[in-house]
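Below, each chain spelled out in residue letters.
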Amino acid sequence: MLEQQGFKVDGYRETTNGKVDTVLDATQASSRYLVSVGTTTGGLLLFQVNTPCLMPPTTTETPH
């Protein structure tokens, strides 16, 4: 699904040495987003999304 949204999968690891351990990293160049997904204890998923600054751009106009 990430690839359908324009993300490039940069890394994927999956092991099953008695427990499942999975990590996925993906980036989207146009938005500069980085998504990381990994498994945690108890079968939960940990999602991390890094984004560029989401502050609105400053204007060059002076208030009246």
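Each remark here, short or long, concerns the structure printed above.
Rules used throughout
- Residues numbered from 1 in each chain as written.
- Predicted model: local features only at pLDDT ≥ 70, side-chain atom pairs only at ≥ 80, totals over all residues.
- Heavy atoms only, no water.
- Helix = DSSP H or I, 4+ residues; strand = E, 2+ residues; numbered from the N terminus.
- Buried < 20%, exposed > 50% of the residue type's maximum accessible area, 1.4 Å probe, protein only.
- Contact = heavy atoms within 4.5 Å.
- Polar contact = N/O pair within 3.5 Å; in protein donor to acceptor, adjacent residues only side chain to side chain.
- Pairing = 2+ DSSP bridges.
- Axes fitted to C-alpha atoms, helices over the stretch in contact; angles between N-to-C directions.
- Salt bridge = Lys/Arg side-chain N within 4 Å of Asp/Glu carboxyl O.

A. Focus on the overall build of the protein. For the protein, the helix and strand inventory stands at 0 helices and 4 strands. For the protein, the residues scored as buried account for 17% of the 64 residues in total. The contacts of the protein with a sequence gap of at least 6 include a subset with a gap of at least 24, amounting to 4%.

B. Molecular detail of the side chain of Ser36. You can see Ser36 is positioned in strand β3 (residues 33-39). Among the polar contacts listed, one links the side chain of Ser36 to the side chain of Asp25, at a separation of 2.7 Å. Beyond its immediate stretch of four places on either side in the chain, Ser36 contacts Leu24, Asp25, Leu46, Phe47 and Gln48.

C. View of the side chain of Thr22. Locating Thr22 in the fold gives a position in strand β2 (residues 20-28). Apart from the residues within four sequence positions on either side, Thr22 is in contact with Tyr12, Arg13, Glu14, Val37, Gly38 and Thr39.

D. The arrangement of the sheet that holds strand β4 (residues 45-50) in detail. Overall, antiparallel pairing links the 4 strands, which are arranged β1-β2-β3-β4 in an open sheet. The open sheet is flanked by β1 (8-16) and β4, the only strands paired with a single partner. Neighbour to neighbour, the strand axes of the sheet diverge by 5° on average, direction disregarded. Alignment of β1 against β2, held across 8 bridges, turns out to be antiparallel. Within β2, the position partnered with Thr15 by the bridge is Asp21.

E. Representation of the pattern of salt bridges within the structure. Going through the model one piece at a time under the given rule, you end up with 2 salt bridges. In this structure, Arg13 and Asp21 form a salt bridge, with 3.0 Å as the shortest nitrogen-oxygen distance. Classification of Arg13 by relative accessible area gives partly exposed; the value is 44%.

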